[in-house]
Each structure stands twice: as structure tokens, then as C-alpha cells.
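Residues per chain are reported as follows:
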Amino acid sequence: MPDPDLATATPSFSTVSRAGAGVLTIRGRLDFTTERRVTEFLDRAFARFGPNLVLNLLEVDFLDSRATGLIVSCWRRAVDAGGRLALVAVEQGSARVLWITGIAGRVPVFPTVEEALAGEPPA
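Residues numbered from 1 in each chain as written. Predicted model: local features only at pLDDT ≥ 70, side-chain atom pairs only at ≥ 80, totals over all residues. Heavy atoms only, no water.

On to the sheet that holds strand β5 (residues 109-110), then. The pairing of strands in a sheet happens through backbone hydrogen bonds and is either parallel or antiparallel. Here we have 5 strands laid out as an open sheet, ordered β1-β2-β3-β4-β5, and mixed in their pairing. Sheet topology places β1 (12-18) and β5 at the edges, where each strand pairs with a single neighbour. As paired elements, β1 and strand β2 (residues 21-30) share 7 bridges and run antiparallel to each other. Across the sheet, residue R18 finds its bridge partner in β2, namely A21. The strands touched by helix α1 (residues 35-49) within the sheet are β1, β2 and β3 (52-63), with β1 carrying the most contacts at an inclination of about 15°. (Pairing = 2+ DSSP bridges. Helix = DSSP H or I, 4+ residues; strand = E, 2+ residues; numbered from the N terminus. Contact = heavy atoms within 4.5 Å. Axes fitted to C-alpha atoms, helices over the stretch in contact; angles between N-to-C directions.)

So, on to α1. Helix length check: α1 (15 residues) gives 21 Å between terminal C-alpha atoms against 21 Å at 1.5 Å per residue, within 8%. The complete set of buried residues in α1 reads V38, F41, L42, A45, F46 and F49. All buried residues of α1 fall inside an arc of 135° around its axis, so they share one side. Residues R36, A47 and R48 are exposed on α1 and point more than 90 degrees away from its buried face. Each element contacted by the buried residues of α1 is listed here: β1, β2, β3 and α2 (65-80). Just beyond α1, the residue with positive phi is G50, at close to 85°. (Expected span 1.5 Å × (residues − 1). Buried < 20%, exposed > 50% of the residue type's maximum accessible area, 1.4 Å probe, protein only. Arc of directions from axis to C-beta.)

By themselves, these are just geometric observations and shouldn't be taken as functional.
See below:
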């Protein structure tokens, strides 16, 4: 029987354009097994929406160091292109690594998509 912790989980993606930004929602696992698919998804999102993006991570089950590296690269790419990247996540659960690593101190993180689109700092 395969070990469920070693099984490759396939993430799912959805996008929508709202308030002049692409809202990207990722569900599932973000780790070394899904890095290529996530990179391709982010590349397509930049091509479709440009550099103003909101990355919704509320439905991510697991986030590893490779995934945090992808997030930082995406943020740099957006800023370098004159845009912005906002993350939607909460400190509890799988996205906690954003606070542990200090990424949440550099990349804006919001509790909801609406707040990320408005650019209002979280309370």
C-alpha cells in the first residue's frame, strides 16, 4: 500500500479577474511534487492578468520551502513589472510557514480576497 504522505497530490487552480487584478486560487498541496504545475499556472496567470495578482492560499493543505520560493519569485516578478502581489492566507494551518520564514513581513498578506483587492492592511 502506498504511503499517503509520499503520494503526489495534484493541486487545482481557478482564476477570475476582479477590480483590475487576477485572483488566483490554489487548492491542495504545494510542494516539490507540484512545483512544475504551479510554476506553469503562475506563468499563465501573468500572461493573462499582468503583474497585479492576488494569490488565494486559504485552501492549500500543505506548503513547503519550494512553494514559498515560488511565492517570493512571483512577488518579485510582479513588483519588477510595476505591479503587486497580495497573498490571502491566515497564520494558522498550512500557510503558517509564511510567518515563520518572514515572508509575511515582506509580501502583503490579507485574511480575505476582498481585503487583498482593496489593499487595506489587515487589522
